[in-house]
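Residue-level listing of the chains:
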Amino acid sequence: MKDFLWWRDGVIYQIYPRSFSDSNHDGIGDLEGIRQRLDYLDDLGVDAIWLSPIYPSPDVDFGYDVSDYLSIDPKFGSMRDFGLLLKDAHRHGIHIILDLVLNHTSDQHPWFKESRESLDNPYRDYYIWHEPKPGRNPPNNWQSIFGGSGWELDHHTSQYYYHMFYKEQPDLNWRNHKVHRALLDVFRFWLDQGVDGFRLDVFNVFFKDSKLRNNPTKLFGLRPYERQEHIFDCDQPEMMHLLQEIRQILDAYPESYAVGETFLANPEKAGSYCGKNILHATFNFEFLRNSWNPKRFLNNVIQWEHVLRGKCWPNYVLNNHDTVRTSTRFGEGEDDQRLKVAAAMLLTMRGTPFLYYGEEIGMRNVRIKHSQIKDPIGKRYWPFYKGRDGCRAPMQWEAIPNAGFSTVEPWLPVHSDYIQRNVTNQYRDPHSILNFYKKLLALRKRHPVLVRGIFEPIQQKSKHVLVYERKYKNQRALIALNFSDSKIKIILVQSRKNKWRLLLSNQRKKLEILSADSFNLEGNEALILLNAF
Ligand code: NOJ
């Protein structure tokens, strides 16, 4: 493809490093493990990998509590291992995106250890400290999204510090110039090592109201957190200038990229943070919240196209490390047909697709017993909410003990279906979901229309299908997705008529030319057609 830009035209694959591949036999995945799997990722056809945090961390929030921004956690390897991974990935044409968690550190970060020492410690103002209100009450009504007050009383100095997540994740004070400078240097440090981009964890909460005003409350909502309007602990106007500064740094490194995770986002809000001089992209999480309903997906796409209106390249994601896997949300038992339909949709939208490790083999969420829970929010809310461990289980490579992920017992249990569902088996089966993903990724490389083409929905009578066209130069592609188990007739109006060549289907074997004005879609069929001439 001419002018191929990796983060726009490519496919990005998220790796949860603890769970991908363990090379040093400690039950936890590592960088060398990832490096050894680069041939697999290359063969799958991905253009970039996003690594969930790999910095030193006491793992209260499994890497999202960082105790040193400028090195690698020994459990994942060394700086040298990182350099080797980066070099080999680049040799394969695979770019590396690091996860930057700059809203908060771990309470074990040397800055926080200093900060909590005394009221006049030079690092005191690196975090958000405040006197208690009368009665030793928290300074305001802000809550932690993970439960309870967002304020923790530190008995040593009798002040509260603020934490939006676990109490072991104190929020940094971005209003302090030293913090600001040090954190911007983190970008430069990793860019100088050769990384290609960043995923910014909850970037829109970096700044909080300078007067620490109470959030207004609402009547409805399950937990106190949801019964507030988050106008003072999120989305402060100072963010925009900071995003411009970040962009300036990135622009000094050709083709570098940043995608932001907008906290409490709706598409309008997420869209407001990406653009020419700010972030390259922000996530649209709507697909993660959908039921198996084509209308909802279509509405999400129309809305996202409208919000971004040519100012930013869209992106779509069906799975990540915080959400129940699509296989469990949409799948039916061990059947993968629906997942193939979902994959065809994700990989033929106008927008960068993000895949999550194991999605390509249809890995199911693993069932976790209470005694096996690792994620603290799972422990806190059991049995109403079981936490996020289910989507973080070890990658299923082979039908050997521990699914070939490790030679010892992994940190989280492997799904019991690994004997059948694994990479090796799926390689051998031409109809496996893995081979379907591979074909989709390969098609994107061969047919720029599937990547660059404009998106035009095509109305159908049935509410069980999603049909759209992509158009680019003189190429046209038609994608028809059947969300039901029954056969459905697709009818094309005059202007859509064409001689369609079948590029890919998960149901029919023969790649035939389809007639111009109508054709049948099999139950759970994903069909991709290209204009024949
Ligand atoms: C968002 C991340 O996706 C999540 O995993 C993490 O717990 C929080 N941010 C806190 O860093």
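Before reading on, note that the structure itself is shown above.
Residues numbered from 1 in each chain as written. Predicted model: local features only at pLDDT ≥ 70, side-chain atom pairs only at ≥ 80, totals over all residues. Heavy atoms only, no water.

(A) Up close: the overall build of the protein chain. Along the backbone of the protein chain there are 15 helices and 19 strands. Relative to a compact globule of 533 residues, whose C-alpha radius of gyration would be 24 Å, the protein chain shows 24 Å and is just as compact. Projecting the C-alpha coordinates of the protein chain onto the three principal axes gives extents of approximately 80 × 50 × 50 Å. Looking at the protein chain residue by residue over its 533 residues, the buried ones come to 62%. Within the protein chain, contacts between residues separated by at least 24 positions form 67% of all contacts whose residues are at least 6 apart in sequence. Put simply, the protein chain shows about 21400 Å² of open surface, and 52% of that area lies on carbon and sulfur atoms. Once the 71 positive and 65 negative side-chain charges of the protein chain are each reduced to a mean point, those two points are 7 Å apart. (Helix = DSSP H or I, 4+ residues; strand = E, 2+ residues; numbered from the N terminus. Rg over C-alpha atoms; globule rule 2.2 N^0.38 Å. Buried < 20%, exposed > 50% of the residue type's maximum accessible area, 1.4 Å probe, protein only. Contact = heavy atoms within 4.5 Å. Areas by Shrake-Rupley, 256 points an atom, 1.4 Å probe, with all protein chains shown as cover. Lys, Arg positive; Asp, Glu negative; His and termini not counted. Charge placed at Lys NZ, Arg CZ, Asp CG, Glu CD.)

(B) Looking closely at the nonpolar core. In terms of nonpolar packing, the biggest core is built from 125 residues, with Tyr 13 and Phe 82 touching the most fellow members. Residue contacts for Phe 82: discarding those within four places in its chain leaves Leu 31, Leu 51, Ile 54, Ile 72, Ile 96, Leu 98, Trp 190 and Val 195. The next biggest cluster of nonpolar side chains, apart from the first, holds 19 residues, and it includes Tyr 162, Phe 165, Cys 234 and Phe 263. (Core = buried A, V, L, I, M, F, W, Y, C linked by side-chain atoms within 4.5 Å.)

(C) Structural view of unusual backbone geometry. The omega torsion of the bond from Trp 382 to Pro 383 falls at 0°, within 30 degrees of zero and hence cis. Backbone geometry places Phe 62, a non-glycine residue, at a positive phi of 45°. Tracing the backbone through its elements, the reader meets Phe 62 in the loop between β2 (48–51) and α4 (79–91). Classification of Phe 62 as buried rests on a relative accessible area of 9%. You will see that Asn 402, though not glycine, has its phi angle at about 60°, which is positive. Looking at where Asn 402 falls in the secondary structure, it is placed in the loop between α12 (376–381) and α13 (423–428).

(D) How the structure looks around the site of the ligand. Close to the ligand lie 13 residues; Asp 61, Asp 201, His 321, Asp 322 and Arg 388 are nearest. Protein coverage of the free-state accessible area of the ligand, which is 300 Å², stands at 97%. The residue makeup of the shell around the ligand, split by class, is 4 nonpolar, 2 polar and 7 charged. (Near = heavy atom within 4 Å. Nonpolar A, V, L, I, M, F, W, Y, C, P; charged D, E, K, R; others polar.)

(E) Local environment of helix α11 (residues 337–347). For α11, the tally of buried residues reaches 11 of 11 residues, placing the bulk of the element in the interior. Buried residues of α11: Gln 337, Arg 338, Leu 339, Lys 340, Val 341, Ala 342, Ala 343, Ala 344, Met 345, Leu 346 and Leu 347, and no others.

(F) Structural context of the environment of Ile 12. Its place among the elements puts Ile 12 in strand β1 (residues 12–15). The exposure class assigned to Ile 12 is buried, which follows from its relative accessible area of 0%. Not counting chain neighbours up to four residues away, the residues in contact with Ile 12 comprise Trp 7, Ala 48, Trp 50, Ile 97, Tyr 257, Thr 352, Pro 353, Phe 354 and Leu 355.

(G) Examining the sheet that holds strand β7 (residues 197–200) more closely. As summarised here, the arrangement of the 8 strands in space is β9-β8-β7-β3-β2-β1-β11-β10, forming an open sheet in which the pairing is parallel. Taken across any chain shown, the strands that pair with only one partner, and hence form the sheet edges, are β9 (281–282) and β10 (315–317). One ladder, built from 4 bridges, connects β2 with strand β3 (residues 95–100); its direction is parallel. Note that in β3 the partner of Ala 48 across the bridge is His 95. Along the sheet face, α11 touches β10 and β11 (352–356) and points at about 140° away from the line of β11. (Pairing = 2+ DSSP bridges. Axes fitted to C-alpha atoms, helices over the stretch in contact; angles between N-to-C directions.)

(H) The arrangement of the sheet that holds strand β6 (residues 159–162) in detail. Within the open sheet, the 3 strands sit side by side as β4-β6-β5. Their pairing is antiparallel. Each end of this open sheet is capped by a strand with a single partner; those strands are β4 (129–130) and β5 (151–154). In terms of strand pairing, β5 meets β6 through 4 bridges, oriented antiparallel. Pairing of Trp 151 across the sheet is with Tyr 162, part of β6.

(I) Structural view of the side chain of Gln 460. Topologically, Gln 460 is positioned in the loop between β12 (454–457) and β13 (465–472). You can call Gln 460 buried: its relative accessible area is 17%. Within the structure, the side chain of Gln 460 is placed 3.0 Å from the backbone oxygen of Ile 491, a separation counted as a polar contact. (Polar contact = N/O pair within 3.5 Å; in protein donor to acceptor, adjacent residues only side chain to side chain.)

(J) Summary view of the packing of aromatic side chains. In total, this model carries 42 aromatic pairs according to the counting rule given. The interplanar angle of 45° and the centroid separation of 5.9 Å between the aromatic rings of Phe 297 and Phe 483 together place this pair among those described as tilted. Of this pair, Phe 297 sits in helix α9 (residues 294–308) while Phe 483 sits in the loop between β14 (475–482) and β15 (488–491), and the two are 186 residues apart along the sequence. You'll find Phe 297 and Phe 483 in the same group, each marked buried. Through successive ring pairs, a cluster of aromatic residues spans Tyr 13, Phe 20, Tyr 40, Tyr 356, Tyr 357, Trp 397 and Tyr 427. (Phe/Tyr/Trp six-rings, centres within 6.5 Å; stacked < 30°, edge-to-face > 60°.)

(K) Local environment of helix α7 (residues 238–251). Taking 1.5 Å of rise per residue, 14 residues should cover 20 Å, and α7 covers 21 Å from first to last C-alpha, within 8% of that figure. If you check which residues of α7 are buried, you get Met 239, Leu 242, Leu 243, Ile 246, Arg 247, Ile 249 and Leu 250. Summarising the axial view, the buried residues of α7 lie within an arc of 155°, below the 170-degree limit, and thus occupy one face. In this structure, the buried side of α7 is in contact with α6 (177–193), β7 and β8 (257–260). (Expected span 1.5 Å × (residues − 1). Arc of directions from axis to C-beta.)

(L) Up close: the side chain of Thr 282. Looking at the element boundaries, Thr 282 is found in strand β9. Owing to a relative accessible area of 1%, Thr 282 belongs among the buried residues under this scheme. From its side chain, Thr 282 meets the backbone oxygen of Ala 270 in a polar contact 2.8 Å long.

(M) Region of the structure containing the packing of α11 against helix α14 (residues 433–446). Their axes nearest at 10 Å, the elements α11 and α14 cross at an angle of 15°. By the angle between their directions, the pair α11 and α14 is classed as roughly parallel. The two elements α11 and α14 cross, and the hand of that crossing is right-handed. Contacts from Leu 339, Lys 340, Ala 343, Ala 344 and Leu 347 of α11 reach α14 at Ile 433, Phe 436, Tyr 437, Leu 440, Leu 441 and Arg 444. Taken together, the residues that form the contact of α11 with α14 break down as 9 nonpolar, no polar and 2 charged. (Parallel < 35°, antiparallel > 145°, perpendicular 65-115°, else oblique. Left-handed = near helix turned anticlockwise from the far one by under 90°.)

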